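# Architecture at a glance
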Amino acid sequence: MGGKISAKGNVYSYGVLLLEMFTGHCPTDEKFEDGMSLHKHVADKFPHGVAEILDPSMLQNDLDGGENSETMQSCVIPMVKLGLLCSMASPHDRLGMAQVSTAILDIKHAFIELHSKGK
């Protein structure tokens, strides 16, 4: 915030975007006041309460089993974790884009493996 433009700023934006997509809330939502933020809202429920904060449209099909579904454990929780790691307050605590890309590919492969079973 208020610093030089850098790749770490892009990582932060990417992390916030991930959190927005998975929760259905934007950082400027009126529910985030008095020190609460989208990042804190998600971090407070991570990892065991993730199903409580997911956008309801995410809780369909494979996620009907809640926290214990394979898709939740192998894909959703890692994506939410990635969003949290990318949106850390300090740029020094954020991942690099190479790490982000590797994590996304790993999650993609886990998703493909889960959904190709029995086909």
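Here the structure is a predicted model, which means the values were calculated and not measured.

### What about the overall build of the protein chain?
Tallying secondary structure elements over the protein chain gives five helices and zero strands in all. Considering the protein chain as a whole, with its 119 residues, one finds that 32% of them fall into the buried category. Excluding contacts between residues fewer than 6 apart, the proportion of contacts in the protein chain whose partners are at least 24 apart in sequence is 56%.

### Things to note about the side chain of His41
Residue position: His41 is located in helix 2 (residues 38–45). By relative accessible area, which is 15% here, His41 ends up buried. What His41 contacts, discounting residues up to four positions off in sequence, is Lys31, Phe32, Met36 and Ile53.

### Brief notes about the confidence of the model for the protein chain
Chain-level statistics for the protein chain give a pLDDT mean of 88 and a share of 87% at 70 or above. Here helix 3 (residues 50–53) stands out as the element of the protein chain with the lowest mean pLDDT, 91, in contrast to helix 2, whose mean of 96 is the highest.

### A word on the pattern of salt bridges
A full pass over the atoms with the stated rule returns two salt bridges. Residue Asp44 is joined to Lys40 by a salt bridge in which the shortest nitrogen-to-oxygen separation is 3.4 Å. Here Asp44 pairs with Lys40, and both are found in helix 2, just four residues apart, close to one helical turn. With a relative accessible area of 37%, Lys40 lands in the partly exposed category.

Calculation rules
Every chain begins its residue count from 1, and numbering advances along the sequence as written. Two thresholds apply to this predicted model, a pLDDT of at least 70 for residue-level local features and 80 or more for giving and counting side-chain atom pairs, whereas whole-chain, interface and lining totals are computed over all residues. To get the side-chain values, take all heavy atoms of the structure and skip hydrogens and water. By definition, any uninterrupted DSSP run of H or I lasting at least four residues is a helix, any uninterrupted run of E lasting at least two residues is a strand, and each is numbered from the N terminus. Residue exposure (1.4 Å probe, protein chains only): buried if accessible area is under 20% of the type maximum, exposed if over 50%, otherwise partly exposed. Contacts: residue pairs with any heavy atoms within 4.5 Å of one another. As a per-residue measure, pLDDT reflects the predictor's confidence and takes values from 0 up to 100. What makes a salt bridge here is a side-chain nitrogen of Lys or Arg within 4 Å of a carboxyl oxygen of Asp or Glu, nothing more.

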